[in-house]
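Summary of structural features
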Amino acid sequence: MPGLYFEEFEEGQSFDHAFSRTVTEHDNISFSLMTLNPQPLHIDADFASRTEFGKPLFNSLYTLGIMIGMTVYDTTLGTTVANLGMNDVTFPKPVFAGDTLKAHTKVLSTRPSKSRPGQGIVEFEHTATNQHGDVVARCTRAALMMGGKGEGAAGS
């Protein structure tokens, strides 16, 4: 697996993730409706045309999901035991259909788990930017990570 083990993370380490994603109107409507969010600002072009944005605004939880998803391959694919939480989630600029998003990650801290020997907690700061370099999302995320060579993995 390309994910990193707890011991491979260092405070200050950063990643500019290779994956990017151009989001579409279909993405926005489908996600909003699948999550039972009927907010017309997301799914009604006529309603949205009369707002300050002039067009449908992307569902922020989809933006958060895309941002986190783009980080997995380089950092946690196959080596995460569990996500422990996300904090300080912000959306400084809106996202619209046709925007291309990129993700960036910085390791804020690492510490061995007190209750799970062989595992550790990594705190990440994830940032998403659009095609203009504007920050459109940011959050911190704590993840419980497997120790080297899969120590502490379920079934190990």
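1. Focus: the overall build of the protein
Counting its regular elements, the protein contains four helices and five strands. Of the regular secondary structure in the protein, the N- to C-terminal order runs β-α-α-α-α-β-β-β-β. Taken along its principal axes, the extent of the C-alpha atoms in the protein is 55 × 30 × 25 Å. Buried positions account for 38% of the 156 residues belonging to the protein. When contacts within the protein are restricted to residue pairs at least 6 apart in sequence, those whose partners lie at least 24 apart make up 71%. Carbon together with sulfur atoms contributes 54% to the accessible area of the protein, which is approximately 8,400 Å² in total. Both charge centroids of the protein, one from 12 positive and one from 17 negative side chains, sit 3 Å from each other.

2. Some points on the packing of aromatic side chains
Taken as a whole and judged by the stated rule, the model has five aromatic pairs. Among the aromatic residues, ring-to-ring pairing joins Phe31, Phe58 and Tyr62 into one connected group. When the ring centre of Phe96 is taken as origin, the NZ or CZ atom of Lys55, which lies over that ring, is 4.5 Å away.

3. Brief notes about the side chain of His126
Looking at the secondary structure, you find His126 in strand 4 (residues 120-129). The buried category is assigned to His126, whose relative accessible area is 0%. Side-chain polar atoms of His126 contact the side chain of Arg141, separated by 3.0 Å. Each residue touching His126, except ones within four places of it in the same chain, is listed here: Met67, Ile68, Thr71, His104, Thr105, Ala137, Arg138, Cys139 and Arg141.

4. Examining the nonpolar core
Note that soluble globular proteins tend to have their nonpolar side chains buried in a common cluster. By size, the foremost hydrophobic cluster in this structure holds 16 residues, and its most contacted members are Val23, Tyr62, Met67, Val95 and Leu101. Put simply, the parts of the chain that give this core at least two residues each are helix 4 (60-75), strand 3 (100-112) and strand 5 (135-145). A per-element tally of this core places helix 4 first, with six residues. If we skip the residues at most four places from it in the chain, Val95 touches Val23, Leu57, Phe58, Thr63, Leu101 and Val136. One finds Phe9, Phe15, Phe124 and Met145 within the second-largest nonpolar core, a separate group that totals nine residues.

5. Describing the sheet that holds strand 3
Within the open sheet, the five strands sit side by side as 1-3-4-5-2. Their pairing is antiparallel. Looking along the sheet, the strands with just one partner apiece sit at the ends: strand 1 (14-22) and strand 2 (80-90). With strand direction ignored, the average angle separating the axes of adjacent strands in the sheet is 25°. Across seven bridges, the pairing between strand 2 and strand 5 is antiparallel. Counterpart to Met86 in the pairing with strand 5 is Arg141. Against the sheet, helix 4 touches strand 1, strand 2, strand 3, strand 4 and strand 5, its axis set at about 125° to strand 1.

6. Considerations on helix 4
Across its 16 residues, helix 4 extends 23 Å between first and last C-alpha, which sits within 8% of the 22 Å expected from 1.5 Å per residue. Tyr62, Thr63, Leu64, Ile66, Met67, Ile68, Met70, Thr71 and Thr75 are the residues of helix 4 that are buried. Looking at the buried residues of helix 4, the elements they touch are strand 1, helix 1 (25-34), strand 2, strand 3, strand 4 and strand 5. Of the residues that open helix 4, the one with a side-chain oxygen 2.9 Å from the backbone nitrogen of Leu61 is Asn59.

What counts and how
- Residues numbered from 1 in each chain as written.
- Predicted model: local features only at pLDDT ≥ 70, side-chain atom pairs only at ≥ 80, totals over all residues.
- Heavy atoms only, no water.
- Helix = DSSP H or I, 4+ residues; strand = E, 2+ residues; numbered from the N terminus.
- Buried < 20%, exposed > 50% of the residue type's maximum accessible area, 1.4 Å probe, protein only.
- Contact = heavy atoms within 4.5 Å.
- Areas by Shrake-Rupley, 256 points an atom, 1.4 Å probe, with all protein chains shown as cover.
- Lys, Arg positive; Asp, Glu negative; His and termini not counted.
- Charge placed at Lys NZ, Arg CZ, Asp CG, Glu CD.
- Phe/Tyr/Trp six-rings, centres within 6.5 Å; stacked < 30°, edge-to-face > 60°.
- Lys NZ or Arg CZ within 6 Å of the ring centre and 35° of its normal.
- Polar contact = N/O pair within 3.5 Å; in protein donor to acceptor, adjacent residues only side chain to side chain.
- Core = buried A, V, L, I, M, F, W, Y, C linked by side-chain atoms within 4.5 Å.
- Pairing = 2+ DSSP bridges.
- Axes fitted to C-alpha atoms, helices over the stretch in contact; angles between N-to-C directions.
- Expected span 1.5 Å × (residues − 1).

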